[in-house]
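This is what each chain is made of:
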Amino acid sequence: MRRYLTLTLYVLFCSFVIIAAKADWINAYIQLVIMFIGVNVILSTSLNLVNGYMGEFSVGHAGFMAVGAYVTSVLNVWLFTKSSVFGPAALAPSSAIYLFPLTLLAGGVAAALAGLLVAIPSFRTRGDYLAIITLAVNYIVKSAIENMQVIGGARGFMGMRNVVNSMKEVVDLPWIMIWVFVAVGVTVWVIYRLVNSIYGKGIVAVRDDEIAAEIMSVDTRRIKMVAFMLSSGMAGVAGGLFAHILGYINPGTFTIMKSTEVLVMVYLGGMGSLSGSVLSAVAFTVILELFRPLQLFKWVVIPLLLILLMLFRPEGLLGHRELTDVFPRLRRIFSPQERQV
């Protein structure tokens, strides 16, 4: 029974939040912050797979987020709404409640394919050179979207709010919040299972010593491709959710600043720490909202906090450890399969 305790607690928490949102016990602003926390958890944990567990240095996560946001949004607006760009809806608007997960997955697949632009050059580059490549990909994606006038170009793209309303007309529930919770749970579970598998040990081996990993018969090229595509695909899913939370997207949102925010969350939680990425995503999102009254000055305070963190705790909140390493008693609850030797 303990094996499913974590899942049970997560489902109970999500159910409570959804019921509270439906009953208006929490206002729209708090609901928005909760959904942003979920999106940031997906972004930070997915980037940690590459930067933390595999030891690469990717700085273009916002580019893959943009691909997923636009692909998911365009598909949903084309399929489920009447718009000036695509004309009448291709399918019944009510079908959005059933097909939204598929369009969200399509955005993730498109972002994963875009991740190949990074995976293939990564076979020959590491460190600063890979950072330059991922930065270039970020700018390529942003510039390409700005020049696609059919999807709004630099003006942005909208219409996703109608998709959300179509789902609510079938069953009046906070559907985007529900899909955010589902995506967060699946993302954390997949990454946890991956990094604790034999394949995940190969990812860590690449981080420790790529040449030694190759000598020990680790297929480093395949591992890099899978890790980059999985990380990019999850960023694309986060982008699709982000677009439907706001109901409007603009290529100016997915700049190097957005990629930097994700990097901050990864380093704040600790490289190679899944629970650290989750905690840092929650903390960083809350800090951003608390400093929102400072307006532009918050971008002075937040980097200052990061500088202090790097000076006094450069390994981040947890470093390469998990919560079960910091609090061993939690292993009895969340890792019952582990036995002391």
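Student: I'm lost on the side chain of Ser231 in this one. Help?
Tutor: Here Ser231 shows up in helix α11 (residues 220-246). In this view, Ser231 contacts Ser46, Leu47, Leu49, Val50 and His61; residues no more than four positions away in its chain are not counted.

Student: Whenever I open this one, the environment of Thr45 confuses me. Can you help?
Tutor: Mapped onto the elements, Thr45 comes out in helix α2 (residues 28-53). Placed 13 residues apart in sequence, Thr45 and Leu32 show a C-alpha to C-alpha distance of 20 Å. Once residues lying within four places of it in the same chain are set aside, the contact partners of Thr45 are Thr187, Ile191, Leu274, Ser277 and Val278. A distance of 3.2 Å separates a polar side-chain atom of Thr45 from the backbone oxygen of Ile42.

Student: What's the story with helix α7 (residues 160-170) in this structure? I'm lost.
Tutor: Owing to its 3.6 residues per turn, the α-helix aligns residues three or four sequence positions apart on the same side. Looking only at α7, the buried set comprises Met160, Val163, Val164, Ser166 and Met167. All buried residues of α7 fall inside an arc of 155° around its axis, so they share one side. Structurally, α7 contributes buried residues whose contacts are with α3 (61-80), α4 (96-114), β1 (157-158), α8 (175-195), α11 and β2 (248-249).

Student: Explain the packing of α3 against helix α12 (residues 256-269) to me, please; I cannot follow it from the model alone.
Tutor: Packed helices, taken two at a time, are described by the angle their axes make and the gap between the axes. Axis separation between α3 and α12 bottoms out at 7 Å; the angle between their running directions is 115°. The pairing of α3 with α12 is recorded here as roughly perpendicular in orientation. Seen from above, α3 lies across α12 with right-handed handedness. From α3, His61, Ala62 and Met65 reach across to α12, where they touch Lys258, Ser259 and Val262.

Student: Whenever I open this one, a nonpolar patch on the surface confuses me. Can you help?
Tutor: A grouping of Leu304, Leu305, Ile307, Leu308, Leu311 and Phe312 is seen on the molecular surface, where their side chains present a nonpolar patch of about 630 Å² in accessible area. Along the chain, the position of Leu304 falls in helix α14 (residues 298-312). When its relative accessible area of 47% is taken as the criterion, Leu304 is described as partly exposed.

The rules we used
- Residues numbered from 1 in each chain as written.
- Predicted model: local features only at pLDDT ≥ 70, side-chain atom pairs only at ≥ 80, totals over all residues.
- Heavy atoms only, no water.
- Helix = DSSP H or I, 4+ residues; strand = E, 2+ residues; numbered from the N terminus.
- Contact = heavy atoms within 4.5 Å.
- Polar contact = N/O pair within 3.5 Å; in protein donor to acceptor, adjacent residues only side chain to side chain.
- Buried < 20%, exposed > 50% of the residue type's maximum accessible area, 1.4 Å probe, protein only.
- Arc of directions from axis to C-beta.
- Axes fitted to C-alpha atoms, helices over the stretch in contact; angles between N-to-C directions.
- Parallel < 35°, antiparallel > 145°, perpendicular 65-115°, else oblique.
- Left-handed = near helix turned anticlockwise from the far one by under 90°.
- Patch = residues over 30% accessible without salt bridge, like charges linked within 9 Å, V, L, I, M, F, W, Y side chains within 5 Å.
- Areas by Shrake-Rupley, 256 points an atom, 1.4 Å probe, with all protein chains shown as cover.
- Salt bridge = Lys/Arg side-chain N within 4 Å of Asp/Glu carboxyl O.

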